[in-house]
Structures are given as C-alpha cells and as structure tokens.
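# Analysis of the macromolecular model
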Amino acid sequence: MAGFENAIYQWHQGERRLAAVPPERAPTLERVTTALVAELRRRLGGRFSSGELVELYCSGTTWCLQVAMASAPEDPWAWEANTVVDAAFGRYLREASDYAGGRRAVVE
C-alpha cells in the first residue's frame, strides 16, 4: 500500500505541475503527456489494475524519456519527468479497473 500511496502522491503532483505551466508551454507539455499515456495504454492494454500501473512505474520510467524526446525533440524542457511522466501516469490511473473516485476500489 505504501508504494501505491507514494506513487499516487507523485502522480497528483505531476498533474498539478502540468496544470500550472505557463500557457505558452502547455500545448507542448500536453502533447508529450498524451504520447506517454498512449505508450502506457500500449504497454498495459485496455484492462489493468492500479497495482499493475504502480508496478510499471516502480520498475523504472527511463523509457518515458525516449517517448518525450520523440514527441518534442526541440524542447528539452518538455522532457521533465516529474511533470509529464507523473501527469501521464496520473491520467492513466483513472482507467484502472480498480480505481474509483480518487481512490483504490476494494475488490472482494
């Protein structure tokens, strides 16, 4: 549970940072975040649990840099993991089979 809580906190912080970016940087950061969400979907598929997403995050996100670089090759400021990577994981978490209303649903 601690890994889940820590990951959720980081992802929410990433979403907050993304929401607070200067308007002129928002389109580029959104493009990178959207590309990362698409890659998460490709890696985890349509049905996944929040635990699987946390496991992927904890196993390393170095692959995210490649996605970010490909999405915004001329804008290295848009590769900042604590914004785009964390925001992408936070967005994709909402699609987890066991995530409901901002918390993990209890599965019996």
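Quick caveat: nothing in here was measured; it's all calculated off a predicted structure. (Residues numbered from 1 in each chain as written. Predicted model: local features only at pLDDT ≥ 70, side-chain atom pairs only at ≥ 80, totals over all residues. Heavy atoms only, no water.)

### Let's talk about the packing of helix α3 (residues 50-58) against helix α5 (residues 81-93)
Two numbers describe how α3 lies on α5: the axes approach to 10 Å, and their chain directions differ by 165°. Between α3 and α5, the interaxial angle falls into the category roughly antiparallel. Crossing angle aside, the handedness with which α3 passes α5 is right-handed. Residue-level inspection shows Ser50, Leu53, Leu56 and Tyr57 of α3 in contact with α5, the latter providing Val85, Asp86, Phe89, Tyr92 and Leu93. (Axes fitted to C-alpha atoms, helices over the stretch in contact; angles between N-to-C directions. Helix = DSSP H or I, 4+ residues; strand = E, 2+ residues; numbered from the N terminus. Parallel < 35°, antiparallel > 145°, perpendicular 65-115°, else oblique. Left-handed = near helix turned anticlockwise from the far one by under 90°. Contact = heavy atoms within 4.5 Å.)

### Thoughts on the side chain of Asp98
Along the polypeptide, Asp98 turns up in the loop between α5 and β1 (99-100). Within the structure, Asp98 has its side chain in polar contact with the backbone nitrogen of Ser50 (distance 2.7 Å). (Polar contact = N/O pair within 3.5 Å; in protein donor to acceptor, adjacent residues only side chain to side chain.)

### A word on the pattern of salt bridges
For the structure on display, the rule yields 6 salt bridges. Close ionic contact of Arg91 with Glu30 constitutes a salt bridge, the shortest N to O distance being 2.9 Å. Here Arg91 is found in helix α5, whereas its partner Glu30 is found in helix α2 (residues 26-44), with 61 residues between them in sequence. When its relative accessible area of 28% is taken as the criterion, Arg91 is described as partly exposed. Each of Glu39, Arg42 and Arg43 takes part in a single network of salt bridges with overlapping partners. (Salt bridge = Lys/Arg side-chain N within 4 Å of Asp/Glu carboxyl O. Buried < 20%, exposed > 50% of the residue type's maximum accessible area, 1.4 Å probe, protein only.)

### A closer look at the nonpolar core
If you look at the biggest cluster of nonpolar residues, it comprises 32 residues, and the most contacted ones within it are Trp11, Leu36, Leu40, Leu53, Trp63 and Phe89. Mapped by element, the contributors of at least two residues to this core are α1 (2-19), α2, α3, α4 (62-71) and α5. Those residues in contact with Leu53, other than ones at most four positions away along the chain, are Trp11, Leu40, Leu44, Phe48, Phe89, Tyr92 and Leu93. (Core = buried A, V, L, I, M, F, W, Y, C linked by side-chain atoms within 4.5 Å.)

### A few points about α4
Residues of α4 that are buried include every one of Trp63, Cys64, Val67, Ala68 and Ser71, and no others. Taken around the axis of α4, the buried residues stretch over an arc of 140°, which confines them to a single face. Among the exposed residues of α4, those pointing more than 90 degrees away from its buried face are Thr62, Gln66 and Ala70. Close packing links the buried residues of α4 with α2, α3 and α5. (Arc of directions from axis to C-beta.)

Fair warning: the whole summary comes from geometry, so function is off the table for now.
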